[in-house]
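Here's the letter readout for the chains.
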Amino acid sequence: MASTYLLYVTVFGALVIAYLWLRDARIFYRTGLPGYRKAAYMGVLYTALGLLGIYFAYAQAEFLGLGIILLALYIQGRVKREKVFGKNTPTVDRLLGTANAQQKNK
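Everything numeric in this text was worked out from a predicted model, so none of it was measured.

The rules we used
- Residues numbered from 1 in each chain as written.
- Predicted model: local features only at pLDDT ≥ 70, side-chain atom pairs only at ≥ 80, totals over all residues.
- Heavy atoms only, no water.
- Axes fitted to C-alpha atoms, helices over the stretch in contact; angles between N-to-C directions.
- Helix = DSSP H or I, 4+ residues; strand = E, 2+ residues; numbered from the N terminus.
- Parallel < 35°, antiparallel > 145°, perpendicular 65-115°, else oblique.
- Left-handed = near helix turned anticlockwise from the far one by under 90°.
- Nonpolar A, V, L, I, M, F, W, Y, C, P; charged D, E, K, R; others polar.
- Expected span 1.5 Å × (residues − 1).
- Buried < 20%, exposed > 50% of the residue type's maximum accessible area, 1.4 Å probe, protein only.
- Contact = heavy atoms within 4.5 Å.
- Phe/Tyr/Trp six-rings, centres within 6.5 Å; stacked < 30°, edge-to-face > 60°.
- Core = buried A, V, L, I, M, F, W, Y, C linked by side-chain atoms within 4.5 Å.
- Salt bridge = Lys/Arg side-chain N within 4 Å of Asp/Glu carboxyl O.

## A look at the packing of helix H1 (residues 5–31) against helix H2 (residues 34–58)
Their axes nearest at 8 Å, the elements H1 and H2 cross at an angle of 165°. In this view, H1 runs roughly antiparallel relative to H2, as classed from their interaxial angle. By crossing handedness, the relation of H1 to H2 is classed as left-handed. Of the residues contributing to the contact of H1 with H2, the split by class is 17 nonpolar, 5 polar and 2 charged.

What follows is the structure in structure tokens.
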């Protein structure tokens with residue numbers, strides 16, 4: 001079992017990856033935008049990659065696990081998304097993924 005601080009950094013990174021995935025899923029649910037749909041679907045794979053990074057860090061390969069986490073964060077940020085936040089949107093709304101819901105056609 002790894003007992004260095006890098007294990008904790010790796011776990012925190014994996015939690016960030018899962019948080020960003022759930023944030024993208026919330027924005028897609030509220031807006032229905034295709035860029036956030038793809039980001040939400042791909043977030044499942046990135047979260048699994050993050051869990052793989054935790055596994056390697058726990059198995060005493062901390063640098064490999066941390067590298068996998070950083071790779072997942074980098075790839076997750078490369079997905080193209082539409083602009084849903086304006087310049088005057090508060091930071092808390094951006095952090096929580098609060099976006100205006102689109103009107104559904106009946």
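Moving on, there is more to tell.
## Considerations on the environment of Tyr58
Considering the arrangement of structural elements, one finds Tyr58 in helix H2. As a C-alpha pair, Tyr58 and Leu6 span 52 residues in sequence and 9.6 Å in three-dimensional space.

## Observations concerning H1
Over its 27 residues, H1 extends 39 Å from the first C-alpha to the last, a length consistent with the 39 Å expected when each residue adds 1.5 Å. Of the positions making up H1, those classed as buried are Leu6, Leu7, Thr10, Gly13, Ala14, Ile17, Ala18, Arg23, Asp24, Ile27 and Thr31. Those residues of H1 that are buried lie in contact with H2, helix H3 (62–77) and helix H4 (91–96). Of the residues one or two after H1, Gly32 is the one with positive phi, at around 75°.

## Regarding the packing of aromatic side chains
For the structure on display, the rule yields 1 aromatic pair. The interplanar angle of 65° and the centroid separation of 5.7 Å between the aromatic rings of Tyr55 and Phe56 together place this pair among those described as edge-to-face.

## Comments concerning the nonpolar core
Membership of the largest hydrophobic core is limited to 7 residues, which are Ala14, Ile17, Ala39, Tyr46, Ile69, Ala72 and Val79. Contacts of Ile69, omitting those with residues within four sequence positions, involve Thr10, Gly13, Ala14, Ile17, Gly50 and Gly53. Listed in part, the 5 residues of the second largest apolar core include Ile27, Leu33, Tyr36 and Ala99.

## Regarding the pattern of salt bridges
Throughout the structure, instances matching the rule amount to 1 salt bridge. The closest approach of N and O atoms between Asp24 and Arg81, which form a salt bridge, is 3.0 Å. Taken together, the residues span a long stretch of sequence, with Asp24 in helix H1 and Arg81 in the loop between H3 and H4 at a distance of 57 residues.

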